[in-house]
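What follows is each chain in one-letter form.
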Amino acid sequence: MQHIPMVDLVGQYNKIKPEVDAAIQQVLSTAGFIGGPFVKKFQEDLQKYLDVKHVIPCANGTDALQVAMMALGLKPGDEVITTSFTFIASAEVIALLRLTPVLVDVDMTTYNIDPMAVERAITDRTKAIVPVHLFGQCANMDAILDIARRHNLYVIEDNAQAIGAEYTFKDGTVKKSGTIGNIGCTSFFPSKNLGCYGDGGAIFTDDDALAEQLRVVVNHGMKVRYYHDYVGVNSRLDAIQAAVLDIKLAHLDEYIKARQKVAAYYEKAFACTDRIVTPKTADFTTHVFHQYTVVLKDVDRDGLMQHLQSKGIASAIYYPVPLHIQKAYRDPRYKEGDFPNCEYLCKHVLALPIHTEFNEEQLEYVTSSVLEYIR
Ligand SMILES: *Cc1c(COP(=O)(O)O)cnc(C)c1O
């Protein structure tokens, strides 16, 4: 029986092993584990790749979001609008900082935050919007930036799932995801599209003053050594991770193409049934397919997952419970039924394996196994 995992990080590593091993060895032999030339080089290469003025590396994607909100000076009681259909980190840091998470519903075709719902959720306490570029395609940033401008709000992009995606504005300008709002945040968690071999994250901005403040916050609120002007955090990307990331960054576009090829194969294979709704890419963005998430119609999702598992094929539900229904985030402002799109998706989505190492035979095996159950 074949074994098809959600991601194949071992296969990916084996292809770049000599480069990666040499780079790690170099870090070990210099013992420069924190900061130093590897972190600086990766930071500069990522700035070039993204065409952004500042990249501030940090310890993980959750920290990136938290640091962004701290650097913007958001205060307890300030409202931050985000989507109810995302990984918990997007809302977690809002709550941790005693800001008020304001959740809204998503667009049914892209699964991304619905700009009209954002507009309706704005009050005089609203300070920021956190669009999440879910599964690998950008949210509608023309509409979100327009709302932000009219209401004087910050935009923090949660770009953990979409690094490398490109957004085309109405005027034809193209920007990389994460460089569109005031601040972009990403994660280098191993399974992310640009993943390291442990934890890592980064924050992007074109704003010089904001970049300086972000650097202060990630480093204990310290500008001059041992003089602390702010309450900060300790959030660093270590040199081994930076060395690995710099090698993988050079392969990112090729990794994205490999994911897009898998997506195209799935799309074609599932065109024969209307019980599998394949992901649609909005016309203003490319899709880097961090996940390949389909919506199942009149299909027993648990049954399909079990069927796939019996054939050695992994599948996963991102995400089974909307944020407004999560126990820790229960709030009298929200109840079940408030965000119908989001709630529908949580009940019907299924993510199929997608990664950089698929071959045709494996794809045929996955798609025929899925269709065998559907028919
Ligand atoms: C992975 C992820 C994060 C958090 O990143 P970590 O590095 O795991 O802290 C935040 N937001 C989204 C949407 C993610 O997918």
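Each value, and the rule that gives it
- Residues numbered from 1 in each chain as written.
- Predicted model: local features only at pLDDT ≥ 70, side-chain atom pairs only at ≥ 80, totals over all residues.
- Heavy atoms only, no water.
- Pairing = 2+ DSSP bridges.
- Helix = DSSP H or I, 4+ residues; strand = E, 2+ residues; numbered from the N terminus.
- Axes fitted to C-alpha atoms, helices over the stretch in contact; angles between N-to-C directions.
- Contact = heavy atoms within 4.5 Å.
- Salt bridge = Lys/Arg side-chain N within 4 Å of Asp/Glu carboxyl O.
- Buried < 20%, exposed > 50% of the residue type's maximum accessible area, 1.4 Å probe, protein only.
- Near = heavy atom within 4 Å.
- Polar contact = N/O pair within 3.5 Å; in protein donor to acceptor, adjacent residues only side chain to side chain.
- Areas by Shrake-Rupley, 256 points an atom, 1.4 Å probe, with all protein chains shown as cover.
- Nonpolar A, V, L, I, M, F, W, Y, C, P; charged D, E, K, R; others polar.
- 1 Å grid on protein atoms, 1.4 Å probe; cavity = no way out; pocket = protein on both sides within 12 Å on 5 of 7 lines; lining within 4 Å.
- Points joined across faces, edges and corners; volume = space filled by probe spheres on them.
- Domains from an automatic or database assignment.
- Buried area = accessible area lost by both parts, 1.4 Å probe.

Quick word on the sheet that holds strand E9 (residues 201–205)
Here 7 strands make up an open sheet; going across it, the order is E1-E9-E8-E5-E4-E2-E3 and the pairing mixed. The open sheet has two free edges, formed respectively by strand E1 (54–58) and strand E3 (100–104), since each of these has just one partner strand. Geometrically, the sheet is characterised by an average inter-axis angle of 25 degrees between neighbouring strands, direction not taken into account. Direction of pairing for strand E5 (residues 154–158) relative to strand E8 (residues 183–187): parallel, over a ladder of 3 bridges. Residue Ile-156 lies in a different strand from E8, and its bridge partner there is Ile-183. Most of the contacts of helix H2 (residues 37–50) go to E1, to which it runs at about 135 degrees, and overall it touches E1 and E9. Sheet strands in contact with helix H3 (residues 61–71) are E1, strand E4 (126–130), E5, E8 and E9, and its direction is about 160 degrees off that of E8.

Looking at the pattern of salt bridges
All told, the structure shown has 16 salt bridges when counted by the stated rule. When the shortest N-O distance is used, the salt bridge between Arg-150 and Glu-119 registers 2.9 Å. Taken as a pair, Arg-150 in helix H6 (residues 141–151) and Glu-119 in helix H5 (residues 115–121) lie far apart in primary sequence, 31 residues in all. When its relative accessible area of 47% is taken as the criterion, Arg-150 is described as partly exposed. Asp-331 is the partner of Arg-333 in a salt bridge, and the nearest nitrogen-oxygen pair spans 3.0 Å. Take Arg-333: its relative accessible area is 39%, and that puts it in the partly exposed class. Residue Asp-331 is classed as partly exposed on the basis of its relative accessible area, which comes to 23%.

Points about the site of the ligand
Around the ligand, the structure places Asn-60, Gly-61, Thr-62, Thr-86, Phe-87, Ala-89, Val-132, Asp-158, Ala-160, Gln-161, Ser-187 and Lys-192. Separating an oxygen atom of the ligand from a side-chain N or O atom of Asn-60 is a distance of 3.4 Å. Here an oxygen atom of the ligand sits 2.7 Å away from a polar atom, N or O, in the side chain of Ser-187. Burial of the ligand by the surrounding chains reaches 91%, relative to a free accessible area of 380 Å². Along the lines of polarity and charge, the residues of the shell around the ligand split into 4 nonpolar, 6 polar and 2 charged.

Things to note about empty space enclosed by the protein
Counted by the stated rule, this structure contains 2 cavities of 30 Å³ or more. Taken as a whole, the largest cavity encloses approximately 70 Å³ of empty space. Leu-9, Gln-12, Lys-192, Arg-259 and Thr-356 are the residues nearest the centre of the largest cavity, which is lined by 13 residues in total. Elements that contribute at least two residues to the lining of the largest cavity include exactly helix H1 (9–30) and helix H9 (252–269).

A short note on the domain arrangement of the chain
Taken domain by domain, the chain consists of domain 1 (9–104 + 112–249) and domain 2 (252–374). With centres defined by C-alpha atoms, the gap from domain 1 to domain 2 works out at 25 Å. On the domain 2 side, the residues contacting the 40 residues of domain 1 number 33 residues. Where domain 1 abuts domain 2, roughly 3100 Å² becomes buried across the two surfaces, and 59% of that area is made up of carbon and sulfur atoms. On the domain 1 side of the contact with domain 2, Phe-85, Phe-135 and Asn-193 bury the most area, a combined 24% of that side's loss. Counting the contacts that link domain 1 with domain 2 gives 1 salt bridge. Between Lys-15 and Glu-357 there is a salt bridge, and its shortest N-O distance comes to 2.6 Å. Where domain 1 meets domain 2, there are 21 residue pairs in polar contact (both at pLDDT 80 or more). Only H1, helix H4 (89–96), E3, strand E6 (166–168) and helix H8 (239–249) provide two or more residues apiece to the side of domain 1 that touches domain 2.

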